Amino acid sequence: GCSVTQGVYRGSVKDFQGFDANQDAEALYNAMKGFGSDKEAILDLITSRSNKQRVEICQAYKALYGKDLIADLKYELTGKFERLIVSLMRPPAYGDAKEIKDAISGVGTDEKCLIEILASRTNQEIHDLVAAYKDAYERDLEADIVGDTSGHFKKMLVVLLQGAREEDDVVSEDLVEQDAKDLLEAGELKWGTDEAQFIYILGRRSRQHLRLVFDEYMKIAGKPIERSIRGELSGDFEKLMLAVVKCIRSTAEYFAERLYKAMKGLGTRDNTLIRIMVSRSEIDMLDIREVFRTKYEKSLYNMIKEDTSGEYKKALLKLCGGDDDAAGEFFPEAAQVAYRMWELSAVKVELRGTVQPAGDFNDDGDAQVLRKAMKGLGTDEGAIIEVLTKRSNAQRQQILKAYKAHYGRDLMADLKSELSGSLAKLILGLMLTPAQYDAKQLRKAVEGAGTDESVLIEIMATRNNQEIKAINEAYQEAYHKSLEDDLSSDTSGHFKRILVSLALGNRDEGPENATQAHEDAKVRPILKLADVSSNDSSDSLETRFLSILCTRSYPHLRRVFQEFIKMTNHDVEHAIKKRMSGDVRDAFVAIVRSVKNKPAFFADKLYKSMKGAGTDERTLTRIMISRSEIDLFNIRGEFIDLFDKSLHHMIEKDTSGDYRKALLALCGGED
């Protein structure tokens, strides 16, 4: 996360060659005199000078005209554009001081601004900020912050304000293990939370050391430290600690995320956008851009372009520098972020569903409750939901039998005639075995006029061998055709070959044993994948990817993908997207994401099914049913990590009536 990668400058704004402060002062004076000002000229000049040079221009302006340049700019310009240009004129420490002053004076405190600045600055930057604050406002920053905040949040801010984080890179293994254990015992393993431990360790230890502590924590807790912080801490204190952890992992990644959140959704948070674009323009803007491109699949440049307008937009784009969609470059920082994601993905995490078998299960009793709910006039949907969402699939199969034995009736047929719409699809889906349900979704995706490739991809790319074998049997039984034949006749080209390979359910399952033969096997596929330039027509790129992505075990693929980053400085997903398109690209990306983090893959699909206008109920229903006994609990965890809102909350906002009630029962709780 260091801004200087091997001594290379990573800012986007550089010193202007042939700089002359007097000449620039004069140009600005001319741009502002007379009626109306030449905003374009002001913008061009100021965004192409470094901060040091801008400070010199201010001095020259005062010497030449006896006036304050910042005051004149404020008078001539307005709105966001004014705020941006004026921010560029202040030295970084004074910029930070001004932001913090604004955040704590006036009504209410802007905690997000305090958090962003104090969590991300280096020791030196903090010392400079404290001095600048005293110089500009003749006040003590610590006293002002203490007067304006409270509790653990206040304590941690005070710790950060000391600018006393250890800076040594020498790391003691023993201390790493001890710190990880102390954090685990202060939170997850304790009734109540020992916040002081979190404050001490996260506030004082060096970045190098803490990164290793976080890795160790993941090993012993089986979850990333971020998730424990969300569970154990709350309010502004929780937000501050999450920001500290993110900045330790990668400051560039933290700012990329802040920028993304400032622009996505309705309205733009301009203060945040301005503050980050100005404060990082001479530190790590190139790193931020590159992480942004990796994480959000669009360039920062394009997002700013879509989200802002006028001179304000022009100035922001100058600070941003280039458009990474054009270049598709990939630098060490993004490679590190990608590599770390693969390392995390290798940690064994216990998978948990949200639906468990009912303890005092009585199939005949349940059958009677269901019959009563459907008999006579009207239907008691609540009772049906209550029973069926609180039983495991195996128990539901027993209820089907008991219902027939008791009443000589077919429960599926009765449910079908009594329920309708989304609720009917959900309840009937729950009554099928997982293999029958998947077979039915696949069948629906291939029959009829069009083919729903996204469903084929989602199911085939994420099911394990055992699940695939069961789906094949269920398909044959229900439709008297083989799944492979239907997939073959309905798709074509490389996409068909990928599906046919996956439908065999024949992926290696062995762990990765580091024998010599294995080492060879490990290098060969990477060379095969990495050799993207070769136009060896005997073996297309798609074929090479297919032979590896569809057959190797997950642990093996994780190693391959890590090696791939080392060799190419690219994440494998980036390479796939750059060189392939359409369904083939989507299928390979789904496999890669499934290997990386299957619950996160589903969390992303669930989010997309609900965000924006309208809800894709088919996808929502399908995932909630098919993951409810496998990893829906983990999906919920990934969901809140990724989108800062809980799955429960989103379902609640996005659906209604009995359908919502049933989904929330499957979701099994608010995070």
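Since this is a predicted model, take the numbers as computed values, not measurements. (Residues numbered from 1 in each chain as written. Predicted model: local features only at pLDDT ≥ 70, side-chain atom pairs only at ≥ 80, totals over all residues. Heavy atoms only, no water.)

So, about the overall build of the chain. Within the chain, the regular secondary structure consists of 41 helices and 0 strands. On C-alpha atoms alone, the chain measures out to a radius of gyration of 29 Å, which is about the 26 Å that the 2.2 N^0.38 rule sets for 671 residues. Its C-alpha atoms give the chain principal-axis dimensions of about 100 × 60 × 60 Å. Residue burial in the chain is summarised as follows: out of 671 residues, 51% are buried. Counting contacts in the chain only where the partners sit at least 6 residues apart, residues at least 24 apart contribute 72% of the total. Accessible area for the chain stands at about 30,100 Å²; split by element, carbon and sulfur atoms hold 49% of it. Distance from the positive charge centre (98 side chains) to the negative charge centre (112 side chains) of the chain: 3 Å. (Helix = DSSP H or I, 4+ residues; strand = E, 2+ residues; numbered from the N terminus. Rg over C-alpha atoms; globule rule 2.2 N^0.38 Å. Buried < 20%, exposed > 50% of the residue type's maximum accessible area, 1.4 Å probe, protein only. Contact = heavy atoms within 4.5 Å. Areas by Shrake-Rupley, 256 points an atom, 1.4 Å probe, with all protein chains shown as cover. Lys, Arg positive; Asp, Glu negative; His and termini not counted. Charge placed at Lys NZ, Arg CZ, Asp CG, Glu CD.)

Interaxial distance between helix 1 (residues 21-32) and helix 2 (residues 39-47) falls to 9 Å at its minimum, and their mutual angle equals 155°. Judged on the interaxial angle alone, helix 2 and helix 1 are roughly antiparallel. Crossing hand, helix 1 versus helix 2: left-handed. Taken together, the residues of helix 2 that come into contact with helix 1 (itself represented by Asp24, Ala27, Leu28, Ala31 and Met32) are Ala41, Ile42, Leu45 and Ile46. (Axes fitted to C-alpha atoms, helices over the stretch in contact; angles between N-to-C directions. Parallel < 35°, antiparallel > 145°, perpendicular 65-115°, else oblique. Left-handed = near helix turned anticlockwise from the far one by under 90°.)

The next subject is the environment of Leu351. Its place among the elements puts Leu351 in the loop between helix 22 (332-345) and helix 23 (363-374). Along the primary structure Leu351 and Phe561 are separated by 210 residues, whereas in three dimensions their C-alpha atoms are 23 Å apart.

This part takes up helix 32 (residues 493-503). Residue pairs three or four apart in sequence face the same way in an α-helix, which turns once every 3.6 residues. Residues of helix 32 that are buried: Phe495, Ile498, Leu499, Ser501, Leu502 and Ala503. The inward-facing, buried residues of helix 32 abut helix 29 (453-462), helix 30 (465-479), helix 31 (483-490), helix 34 (541-549) and helix 37 (582-610). Positive backbone phi, approximately 60°, marks Gly505, located one or two places after helix 32.

Turning to the nonpolar core, a few remarks are in order. Leu415, Phe588 and Met624 are the most contacted members of the largest nonpolar core, which totals 99 residues. The element that contributes the greatest number of residues to this core is helix 37, accounting for 14 residues. Contacts of Met624, omitting those with residues within four sequence positions, involve Leu606, Leu632, Leu647, Ile651, Leu663, Leu666 and Cys667. Val13, Tyr61, Leu242 and Val245 belong to the second largest nonpolar core, which has 97 residues in total. (Core = buried A, V, L, I, M, F, W, Y, C linked by side-chain atoms within 4.5 Å.)

What follows deals with the pattern of salt bridges. All chains considered together, the criterion is met by 45 salt bridges. Between Asp44 and Lys318 there is a salt bridge; the shortest N-O distance is 3.4 Å. Of the two residues, Asp44 is situated in helix 2 and Lys318 in helix 20 (residues 310-320); the sequence distance between them amounts to 274 residues. Judged by its relative accessible area of 34%, Asp44 falls in the partly exposed class. (Salt bridge = Lys/Arg side-chain N within 4 Å of Asp/Glu carboxyl O.)

Even without a glycine there, the phi angle at Glu138 is positive, about 50°. Position of Glu138 relative to the elements: it lies in the loop between helix 8 (123-137) and helix 9 (141-148). Exposure remark for Glu138: the relative accessible area of 72% places this residue in the exposed category.

As a further point, take the packing of aromatic side chains. The tally for this structure, following the rule as stated, stands at 16 aromatic pairs. Geometrically, the ring pair formed by Tyr403 and Tyr407 is tilted, given 5.3 Å between the ring centres and 55° between the ring planes. You can see Tyr403 and its partner Tyr407 sitting in helix 25 (residues 393-407), 4 residues apart, about one turn around the helix. In this structure Tyr403 comes out as buried when scored by relative accessible area, which is 0%. Look at Tyr407 and you get partly exposed, because its relative accessible area is 27%. (Phe/Tyr/Trp six-rings, centres within 6.5 Å; stacked < 30°, edge-to-face > 60°.)

Together, Lys416, Lys425, Lys440 and Lys444 give the surface a local cluster of positive charge. Topologically, Lys440 is positioned in helix 28 (residues 434-446). (Patch = residues over 30% accessible without salt bridge, like charges linked within 9 Å, V, L, I, M, F, W, Y side chains within 5 Å.)

Between helix 35 (residues 554-568) and helix 37, the shortest axis-to-axis distance is 10 Å and the interhelical angle comes to 110°. Considering their axes alone, helix 35 and helix 37 lie roughly perpendicular with respect to each other. In this structure, helix 35 uses Tyr554, Leu557, Arg558 and Phe561 to contact helix 37, whose residues at the interface are Val592, Ser594, Val595 and Lys598. A breakdown of the residues in the contact of helix 35 with helix 37 according to their chemical character gives 5 nonpolar, 1 polar and 2 charged. (Nonpolar A, V, L, I, M, F, W, Y, C, P; charged D, E, K, R; others polar.)

A word on the state of the cysteines. Across all of its chains, the model carries 0 disulfides by this definition. The thiol sulfur of Cys320 is not disulfide-bonded, and the nearest other cysteine sulfur, from Cys247, lies at 19 Å. (Disulfide = S-S within 2.5 Å.)

Time to look at the environment of Lys496. Relative to the helices and strands, Lys496 is located in helix 32. With relative accessibility at 30%, the residue Lys496 sits in the partly exposed group. Ignoring anything within four residues of it in the chain, the contact list for Lys496 reads Ser488 and Thr491.

In this section: the confidence of the model for the chain. For the chain, per-residue confidence averages 90 on the pLDDT scale, and residues scoring 70 or more make up 93% of the total. Scored below 50 in pLDDT, residues 1-5 shows 17 contacts in the model against residues more than four places distant or in partner chains. (pLDDT = per-residue confidence, 0-100.)

What follows is about the environment of Leu273. As for its placement among the helices and strands, Leu273 is situated in helix 17 (residues 270-280). With a relative accessible area of 0%, Leu273 lands in the buried category. Residues Leu273 and Met263 lie 10 residues apart in sequence; the distance between their C-alpha atoms is 7.9 Å. Contacts of Leu273, omitting those with residues within four sequence positions, involve Leu259, Met263, Thr268, Thr308, Tyr312 and Leu316.

On to the side chain of Thr462, then. Along the polypeptide, Thr462 turns up in helix 29. The contacts of Thr462, once residues within four sequence positions are left out, are Glu467, Ser594, Lys598, Phe601 and Phe602.

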